[in-house]
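Here is what each chain is made of, one letter per residue.
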Amino acid sequence: DWWRGAGSGAGSIGYPPVSLALTMKLFEALRVAHQDVIAFTGAGGKTSALVRLGSELHQAGWRVLATTTTRIGEDQLSLFPHSADKHTIVRDLEHYSYVFAYSAVRERKAYGFPPDVLSNLINRLAPDVVLIEADGEGYVEDAWGGGRLRFGTVEVVADQPTIRCPMTTRPQNG
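Per chain, residues are indexed from 1 in the order of the written sequence. At least 70 in pLDDT is required for a residue's local features to be given in this predicted model, at least 80 for side-chain atom pairs to be given and counted, and no such filter applies to totals for whole chains, interfaces and linings, which use all residues. Note: side-chain values were computed over all heavy atoms of the structure, leaving out hydrogens and water.

### Some words on the overall build of the chain
- Numbered from the N terminus, helices here are DSSP runs of H or I no shorter than four residues, and strands are runs of E no shorter than two. Looking only at helices and strands, the chain features four helices and ten strands.
- Across the chain, helices and strands are ordered from the amino to the carboxyl terminus as α-β-α-β-β-β-α-β-β-β-α-β-β-β.
- Residues counted as buried form 38% of the 174 residues belonging to the chain.
- Counting only contacts in the chain whose residues sit at least 6 apart along the sequence, the fraction spanning at least 24 positions is 68%.
- For the chain, the computed accessible surface area is about 10,000 Å², with 52% contributed by carbon and sulfur atoms. Partly exposed describes any residue whose relative accessible area lies between the buried limit of under 20% and the exposed limit of over 50%, with all areas from a 1.4 Å probe on protein chains only and scaled to the type maximum. Should any heavy atoms of two residues lie within 4.5 Å, those residues are counted as being in contact. The Shrake-Rupley method, run with a 1.4 Å probe sphere, supplies the accessible areas, and residue values consider only the shown protein chains as cover.

Pasting the structure below:
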């Protein structure tokens, strides 16, 4: 069960144990603020960072909605409470205060919601923070050109593809 992981006790959300004693929480280092929408991109570590940050925020009493613009492995859903039903996401967020929302599982991959559905969910749920794993093979979000996402009173227009650092997408020595 995700909530009986390596957290601080029964009923807490945990992330994998680390061998180093951490003096600062990830959410403090990133200066996460209420109503932030945080997108994780790059060649590796997105899901781990999302799980860790979500766990820390949950433990601090925040309501956290997590999702993906593309897809994650079905096996990774066990890392957090999750729901593919738009109606139970509301209940799950209230119950757990941290939920990963996705639209469906196909070929062992959990796929995110289209931008308009995600925008409606965010407005309906009013989470304290939204965490998004925002890229993957094929860069699905590149097809969003002209699409709009609304977060409360803020509207974001996808008017150009995400610019990626080539260092994270090319094999590295060592």
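### With respect to the sheet that holds strand β3 (residues 71–73)
- For two strands to be treated as a pair, DSSP must find no fewer than two bridges joining them. If you walk across this open sheet you meet the three strands as β3-β7-β6, and the pairing is antiparallel. Among the strands making up the open sheet, the edge pair consists of β3 and β6 (104–106). Each strand axis lies, on average, 30° off the axis of its neighbour in the sheet, ignoring direction.
- Bridging between β3 and strand β7 (residues 109–111) involves three bridges; their strand directions are antiparallel. When the sheet's bridge partners are listed, Ile72 is paired in β7 with Ala110. Helix axes are fitted to C-alpha atoms over the stretch in contact, other axes to C-alpha atoms as well, and angles between N-to-C directions run from 0 to 180 degrees.

### Structural notes on helix α4 (residues 115–125)
- Every buried residue of α4 is listed here: Pro115, Leu118, Ser119, Leu121, Ile122 and Leu125. The buried residues of α4 occupy an angular sector of 160° when projected down its axis, which confines them to one face.
- Ala126 sits one or two residues past α4 and shows a positive phi near 50°. This arc is taken over the directions from the axis of the helix to the C-beta atoms.

### Considering the nonpolar core
- Each nonpolar core is a collection of buried residues, namely Ala, Val, Leu, Ile, Met, Phe, Trp, Tyr and Cys, held together in the definition by side-chain atoms within 4.5 Å. Counting 20 residues, the largest nonpolar core has Val32, Leu53, Leu57, Phe80, Val129 and Leu131 as the members making the most contacts within it.
- At four residues, the largest contribution of residues to this core is made by helix α2 (residues 46–59).
- Judged by nonpolar contacts, the second largest core, of 13 residues, contains Val99, Phe113, Leu125 and Ile132.

### What to know about helix α3 (residues 86–96)
- Turning to α3, its buried residues number three or more, namely Ile89, Asp92 and Leu93. In a view along the axis of α3, the buried residues occupy a sector of 100°, so they form one face of it. Of the exposed residues in α3, the ones pointing more than 90 degrees away from its buried face are His87, Arg91, Glu94 and His95.
- Those residues of α3 that are buried are in contact with β2 (64–68), β4 (82–83), β5 (98–101) and α4.
- We define a polar contact as two N or O atoms separated by no more than 3.5 Å, with the added condition that, inside protein, one atom must be a possible hydrogen donor and the other a possible acceptor, whereas residues neighbouring each other in sequence contribute only through side-chain atom pairs. Capping the start of α3 is the job of one residue whose side-chain oxygen sits 2.7 Å from the backbone nitrogen of His87: Asp85.

### Overview of the packing of aromatic side chains
- Stacked, tilted and edge-to-face pairs are distinguished by plane angle, under 30 degrees for stacked and over 60 for edge-to-face with tilted covering the rest, among Phe, Tyr and Trp rings (Trp via its six-membered ring) whose centres lie within 6.5 Å. This structure, assessed with the given rule, holds three aromatic pairs.
- Considering the side-chain rings of Phe80 and Tyr98, the 6.1 Å spacing of their centres and the 80° angle between planes classify their relative orientation as edge-to-face. Placement of Phe80 in the loop between β3 and β4 and of Tyr98 in strand β5 is noted, with a sequence separation of 18 residues between them. In this pair, the class of Phe80 matches that of Tyr98, namely buried.

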